[in-house]
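Next come the chains, spelled out residue by residue.
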Amino acid sequence: MMADVIADNLLEVRQRVQQAAEKSGRSASDCELLVVSKTWPAENVAQVAAAGQLSFGENKVQEAEGKIPSLPSHLHWHLIGHLQRNKVRKALPLFDTIHSIDSLKLARYTSNIAVELDLKPQVYLQVNLAGEQSKDGYDLESLHADFEQLLELQGIQIQGLMCIPPVAATPEDARPWFAQLRNLRDHLESQGGQSLPGLSMGMSGDYEVAIEEGSTIVRVGSAIFGKRYA
Ligand SMILES: *Cc1c(COP(=O)(O)O)cnc(C)c1O
């Protein structure tokens, strides 16, 4: 896609993020925009970075590994896709935030490697709210059972929760899932006695609804870059 179209899209998404925040009585500075650059070449990412965007999301460690070194070093990279254990060591130096921690085993391993590398990534616990077979993420029961042990891990900073709700026909259909993630967060905060400020929820089709329901970071790809073909 053309550079000026991408810049226009970025501006429009930023404005809509701000409007959704204001509409729900929140400050736009509490709703971060993560631009999802998966499948797009570094050249396109550079166009968005040139328009002032700092944070980008990738879903594959290998793809990010090829892209990140050719882009400005002041950018922040978030891993939003499934993290395999054998990729943790490679992922940690690339990403300062991981949105897809979904088991105590993975959290513990990631924490141990982070301590070894003298890193402390921010992480979101991904929750499979609808219990979909096809999706990654913690089931509710395991999350509650593991939560206190997760909080004790020294190598990671648990920022909050992340979800990818079931495919919805309209943005409004996603609202109950976003509300459920927020309620779960509130519940875990009282269980663990520790604040969990982050809610990573909302994508191109539903980020405004997600912000109305308390999202603190929306992950938006195609509304900025256009449709993905890969
Ligand atoms: C691809 C992806 C997104 C962005 O999706 P769009 O619909 O293109 O905005 C957000 N979150 C995750 C986890 C993704 O894999």
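Everything that follows concerns the structure shown earlier in this document.
From a predicted model like this one, the values you see are computed outputs, not experimental measurements.

1. Here's the deal with the site of the ligand
Then step 1. Every residue close to the ligand is listed here: Val36, Lys38, Ile80, Met162, Ile164, Met203, Ser204, Arg219, Val220, Gly221, Ser222 and Arg228.
Then step 2. In the model, an oxygen atom of the ligand is placed 2.8 Å from a nitrogen or oxygen of the glycine 221 main chain.
Then step 3. Out of a free accessible area of 390 Å², the ligand has 89% covered by protein chains.
Then step 4. In this structure the site holding the ligand corresponds to the largest pocket.
Then step 5. By residue class, the composition of the shell around the ligand is six nonpolar, three polar and three charged.

2. Considering the pattern of salt bridges
Then step 1. On inspection of all chains with the given rule, the structure shows 13 salt bridges.
Then step 2. The salt bridge involving arginine 182 is made with glutamate 213; its shortest N-O contact spans 2.7 Å. Within this pair, whereas arginine 182 is found in helix α7 (residues 171-192), its partner glutamate 213 is found in the loop between α8 (207-212) and β8 (217-220), the two being separated by 31 residues in sequence.
Then step 3. On the basis of relative accessible area, glutamate 213 is assigned to the buried category, the value being 12%.
Then step 4. Several salt bridges share partner residues, and in doing so they unite Lys23, Glu172, Arg175, Arg182, Glu212 and Glu213 into one network.

3. Brief notes about the nonpolar core
Then step 1. Core analysis: the largest hydrophobic core is formed by 64 residues, its most contacted members being Leu143, Leu150, Leu161, Leu181 and Ile224.
Then step 2. Aside from chain neighbours lying at most four places away, what touches leucine 161 is Tyr124, Leu125, Val127, Leu143, Leu181, Leu184, Arg185, Leu188, Gly198, Leu199 and Ser200.
Then step 3. If you look at the next biggest cluster of nonpolar residues, it comprises six residues, including Leu34, Tyr124, Met162 and Ile217.

4. With respect to helix α6 (residues 140-151)
Then step 1. In this model, α6 (12 residues) spans 16 Å end to end at C-alpha, consistent with the 16 Å of a helix rising 1.5 Å per residue.
Then step 2. Next to the buried residues of α6 lie α5 (104-116), β5 (122-127), β6 (157-163) and α7.
Then step 3. Put simply, aspartate 139 is the residue that caps the front of α6, since its side-chain oxygen is 3.2 Å from the backbone nitrogen of glutamate 141.

Conventions used here
- Residues numbered from 1 in each chain as written.
- Predicted model: local features only at pLDDT ≥ 70, side-chain atom pairs only at ≥ 80, totals over all residues.
- Heavy atoms only, no water.
- Near = heavy atom within 4 Å.
- Polar contact = N/O pair within 3.5 Å; in protein donor to acceptor, adjacent residues only side chain to side chain.
- Areas by Shrake-Rupley, 256 points an atom, 1.4 Å probe, with all protein chains shown as cover.
- 1 Å grid on protein atoms, 1.4 Å probe; cavity = no way out; pocket = protein on both sides within 12 Å on 5 of 7 lines; lining within 4 Å.
- Sits in = over half its atoms within 2 Å of the grid points.
- Nonpolar A, V, L, I, M, F, W, Y, C, P; charged D, E, K, R; others polar.
- Salt bridge = Lys/Arg side-chain N within 4 Å of Asp/Glu carboxyl O.
- Helix = DSSP H or I, 4+ residues; strand = E, 2+ residues; numbered from the N terminus.
- Buried < 20%, exposed > 50% of the residue type's maximum accessible area, 1.4 Å probe, protein only.
- Core = buried A, V, L, I, M, F, W, Y, C linked by side-chain atoms within 4.5 Å.
- Contact = heavy atoms within 4.5 Å.
- Expected span 1.5 Å × (residues − 1).

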